[in-house]
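Descriptive structure summary
If you want the building blocks of each chain, they are given just below.
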Amino acid sequence: SGEYIMLMHCDDLQYKDPYIGYAVSKTINGEYSFQGPLLYQGKPIKKWDMGTFQDHDGQGYLLVHHGDIYRLSADYKEAEEKVASQISGVGESPAMFKKEGIYYLLSSSLTSWERNDNHYHTASSIAGPWKKQGLFCPAGSLTYNSQCSFVFPIVQQQDTVLMYMGDRW
């Protein structure tokens, strides 16, 4: 569409009516215009912790807490299909990357904003089946006092280096 799409957690002032919202802009650093809730089957996705993933073919996905994954429309303005649902053992703050044909799904334990040991799952398809692999940082490190947020791909000539980005309090 030639637009930049920002997906976000929206809520009321009492933090009791969560949904995934979106905004659009003509430039990445421009003024974004809030469009409302991201819809799936005509209804807002009533979740809070969320992440996004763009596959190598450009297909976008919305990741939400407790292991739901939605395939986004080509313009990223709605969720077209729920490709995975309630993946066992997936918690909060989901992040995903793909390396050598394998998808990695990171998430933190269900401790709200409190730091914890984060874990990961793997699958050969975004639809799964997903297998819980364990922790991705040393046990007891509380993921170096952070919670997963995003995996930043640094594309080099012969390989892509993946950088963990975590929220830290």
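Refer to the structure presented above.
Bringing the packing of aromatic side chains into the picture now. Here the structure, examined in full by the defined rule, presents six aromatic pairs. On the numbers, 5.1 Å between centres and 70 degrees between planes, the contact of Tyr40 with Tyr70 is edge-to-face. Here Tyr70 lies in strand β8 (residues 68–72) and Tyr40 lies in strand β4 (residues 39–40), a separation of 30 residues in the sequence. Accessibility assignment for this pair places Tyr40 and Tyr70 in one class, buried. Taken together, a centroid distance of 4.7 Å and an interplanar angle of 5 degrees make the contact between Phe97 and Tyr104 stacked. Following the ring pairs from residue to residue traces out a cluster consisting of Phe53, Tyr61 and Tyr103.

Below, the discussion takes up the pairing of strand β14 (residues 146–155). Across nine bridges, β14 lies against strand β15 (residues 160–168) in antiparallel orientation. Within the sheet, the bridge partner assigned to Phe152 lies in β15 and is Met163.

Here six strands make up an open sheet; going across it, the order is β5-β4-β9-β8-β7-β6 and the pairing mixed. The open sheet has two edge strands, β5 (43–44) and β6 (50–54), and neither has a second partner. With four bridges connecting them, β8 and strand β9 (residues 78–84) associate as antiparallel partners. Bridging from a neighbouring strand, Leu72 pairs with Ala79 of β9.

Turning to the nonpolar core, a few remarks are in order. Counting 14 residues, the largest nonpolar core has Phe53, Ile69, Ile87, Met96, Leu105, Ile126 and Trp130 as the members making the most contacts within it. Elements supplying a minimum of two residues to this core: β7 (60–64), β9 and β11 (102–108). Other than its neighbours up to four places away in sequence, Met96 contacts Phe53, Leu63, Ile69, Tyr103, Tyr104, Leu105, Ile126, Trp130 and Val151. Formed by 13 residues, the second largest nonpolar core is a distinct cluster that contains Val24, Met50, Leu62 and Ala79.

For the coordinates displayed, the defined rule picks out zero disulfides. Looking at Cys137, it has no disulfide partner, and the nearest cysteine sulfur is the one in Cys148, 9.7 Å off. With a relative accessible area of 16%, Cys137 lands in the buried category. For Cys148, a relative accessible area of 1% corresponds to the buried category.

Tallied over the full model, the rule gives nine salt bridges. With its nearest N and O atoms 3.7 Å apart, the salt bridge here joins Lys82 to Asp68. Here the residue Lys82 occupies a position in strand β9, and Asp68 occupies one in strand β8, the gap between them amounting to 14 residues. Overall, Asp68 belongs to the buried group, its relative accessible area being 4%. Its salt-bridge partner being Arg71, residue Glu80 comes within 2.6 Å of it at the nearest N-O pair. Using a relative accessible area of 43% as the deciding quantity, one classes Glu80 as partly exposed. A relative accessible area of 22% places Arg71 in the partly exposed class. Salt bridges linked by common partners bring Lys47, Asp68 and Lys82 together as one network.

Definitions and limits used
Per-chain numbering applies: the sequence of each chain, read as written, is numbered from 1 onward. In keeping with the predicted nature of the model, local features appear solely for residues at pLDDT of at least 70, side-chain atom pairs appear and are counted solely at 80 or more, and the whole-chain, interface and lining totals rest on all residues. Hydrogen atoms and water are omitted, and side-chain values are computed over all heavy atoms in the structure. Put simply, two rings from Phe, Tyr or Trp (the six-membered ring, in Trp's case) pair if the centres are within 6.5 Å, and we call them stacked under 30 degrees between planes, edge-to-face over 60, tilted for the rest. Numbering of helices and strands runs from the N terminus, with a helix taken as a DSSP run of H or I at least four residues long and a strand as a DSSP run of E at least two residues long. Burial status follows relative accessibility: with a 1.4 Å probe on protein chains alone, a residue under 20% of its type maximum counts as buried, one over 50% as exposed, and anything between as partly exposed. At least two bridges found by DSSP between two strands are what make those strands a pair. Here, the term nonpolar core denotes a set of buried Ala, Val, Leu, Ile, Met, Phe, Trp, Tyr and Cys residues that are joined through side-chain atoms within 4.5 Å. Any pair of residues with heavy atoms lying within 4.5 Å of one another is described as a contacting pair. Our working definition of a disulfide is a cysteine sulfur pair at a distance within 2.5 Å. In the sections that follow, a salt bridge refers to a side-chain nitrogen of Lys or Arg positioned within 4 Å of a carboxyl oxygen of Asp or Glu.

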